[in-house]
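Structural characterization, general
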Amino acid sequence: MALAANRAFNVNDAHLLRYSRHILLDEMGIEGQERLLASHALVIGAGGLGSPVALYLGSAGVGRITVVDDDVVDETNLQRQIAHTLARVGLPKAESIRTAIAAINPDVVVTPLVQRVNDDLLRTLVTKADVVLDCTDNFATRHALNRACVVHGKPLVSGAAIRMDGQVSVYDTRDPASPCYACVFPEDSDVEETLCATLGVFAPLVGIVGTLQAAEALKLLTGLGSRLIGQLLMVDARDMVMTRIGLSANPQCTVCGQRCRQPN
């Protein structure tokens, strides 16, 4: 089911031209494009994953995009963070992404927030979004984002990439069969934090993963196709192999377990 289907938004002549290749798709049409134009996406992280995510959401016509990141553009980012340019080194990444989207589609309303997320901020932002995209690189933020999405019943599109390996999944606890992020990666698990600053990352990999995240978000917003709910898509960029792993909700999960234990 599309998330923004109950919002009125009329496609005008300019939209018909700009989004003609979407509208030609039987699965999308004018109705699907209207849903995108009426939608609000929340993107947490404006780096390697956030760049393709934001650019594709903006070019596809998602009406409102909020981008949150407290970092600034650095020259070392430019190997993979395609929304940024050499001319914007030193500027906040969230502001840089707004500039990049405006150059492609100035009709999109982009709200850049140059700050680190916390529970209070997420509580405010998640409630206003139709879809949330996790483009971060640390488990603390991922878990905080997951908790907010579970509490407020919002779908979370999660991506990760390091070295030559990436993964994408959709956690949507409105679906009784869907796990949350903590079901798969428990908060109390002893997981070693890995950062591309120390281990490296293959430049096109973040583009592949981020583009997959954008595709899943657009499908959620329009009701197009099936989604990666209850599935973890693993991307091996060494041999360009993609593998799906089935995921299930954990009744003992400390975040969404009570939902799992409730009778149908």
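None of the values given here were measured: they were computed from a predicted structure.

1. A few points about helix H4 (residues 50-60)
- The element H4 is largely enclosed, with a buried count of nine among its 11 residues.
- With its phi angle positive at about 100 degrees, glycine 61 sits one or two positions after the end of H4.

2. Brief notes about the pattern of salt bridges
- Applying the stated rule across the entire model yields 12 salt bridges.
- Residue aspartate 134 pairs with arginine 142 through a salt bridge whose shortest N-O separation is 2.9 Å.
- Taking relative accessible area as the criterion, arginine 142 reaches 6% and is therefore assigned buried.
- Ionic contacts of the salt-bridge type, sharing partners, join the residues Asp119, Arg147 and Glu187 into one network.

3. Things to note about unusual backbone geometry
- Unusually for a residue other than glycine, arginine 163 sits at a positive phi of about 55 degrees.
- Residue position: arginine 163 is located in the loop between strand E5 (156-162) and strand E6 (165-171).
- Residue class for arginine 163 comes out partly exposed when judged on its relative accessible area of 44%.
- For methionine 240, which is not glycine, the phi torsion reads 50 degrees and is therefore positive.
- Its location among the elements puts methionine 240 in the loop between strand E7 (231-236) and strand E8 (241-246).

4. A word on the state of the cysteines
- Tallied over the entire structure, the rule returns zero disulfides.
- Among the cysteines around cysteine 183, which has no disulfide bond, cysteine 256 carries the closest sulfur, lying 3.3 Å off.
- You can see cysteine 253 has no disulfide; the closest cysteine sulfur is in cysteine 180, sitting 3.6 Å from it.

5. Points about the sheet that holds strand E4 (residues 131-134)
- The strand order across the open sheet built from eight strands is E3-E2-E1-E4-E5-E6-E7-E8, with neighbouring strands paired in mixed fashion. With one partner strand each, in any of the chains shown, strand E3 (109-113) and E8 form the two edges of the open sheet. Within the sheet, the average angular offset between the axes of one strand and its neighbour, ignoring direction, is 15 degrees.
- Of the strand pairs in this sheet, E4 and E5 are connected by three bridges, and their pairing is parallel. Bridged to leucine 133 within E5 is valine 157.
- This element, helix H5 (residues 93-104), spans strand E2 (64-68) and E3 of the sheet and lies at about 165 degrees to E3.

6. A short note on the environment of histidine 15
- For histidine 15, the location among the structural elements is in helix H1 (residues 13-18).
- For histidine 15 and glycine 61, which are 46 residues apart along the polypeptide, the C-alpha to C-alpha distance reads 8.9 Å.

7. Focus on the nonpolar core
- Judged by nonpolar contacts, the single largest core of 40 residues is most densely connected at Leu57 and Leu133.
- For this core, the elements supplying multiple residues, two or more each, are strand E1 (40-44), H4, E2, H5, E4, E6, helix H10 (203-222) and E7.
- If you tally residues by element for this core, the top one is H10, at eight residues.
- Contacts of leucine 133, omitting those with residues within four sequence positions, involve Ala41, Leu42, Val43, Ile44, Val53, Leu57, Val157, Gln213, Ala214 and Ala217.
- Counting residues in each nonpolar core, the second largest holds 21 residues, with Leu42, Tyr171, Phe185 and Leu247 among its members.

Rules used in this analysis
Residues numbered from 1 in each chain as written. Predicted model: local features only at pLDDT ≥ 70, side-chain atom pairs only at ≥ 80, totals over all residues. Heavy atoms only, no water. Buried < 20%, exposed > 50% of the residue type's maximum accessible area, 1.4 Å probe, protein only. Helix = DSSP H or I, 4+ residues; strand = E, 2+ residues; numbered from the N terminus. Salt bridge = Lys/Arg side-chain N within 4 Å of Asp/Glu carboxyl O. Disulfide = S-S within 2.5 Å. Pairing = 2+ DSSP bridges. Axes fitted to C-alpha atoms, helices over the stretch in contact; angles between N-to-C directions. Contact = heavy atoms within 4.5 Å. Core = buried A, V, L, I, M, F, W, Y, C linked by side-chain atoms within 4.5 Å.

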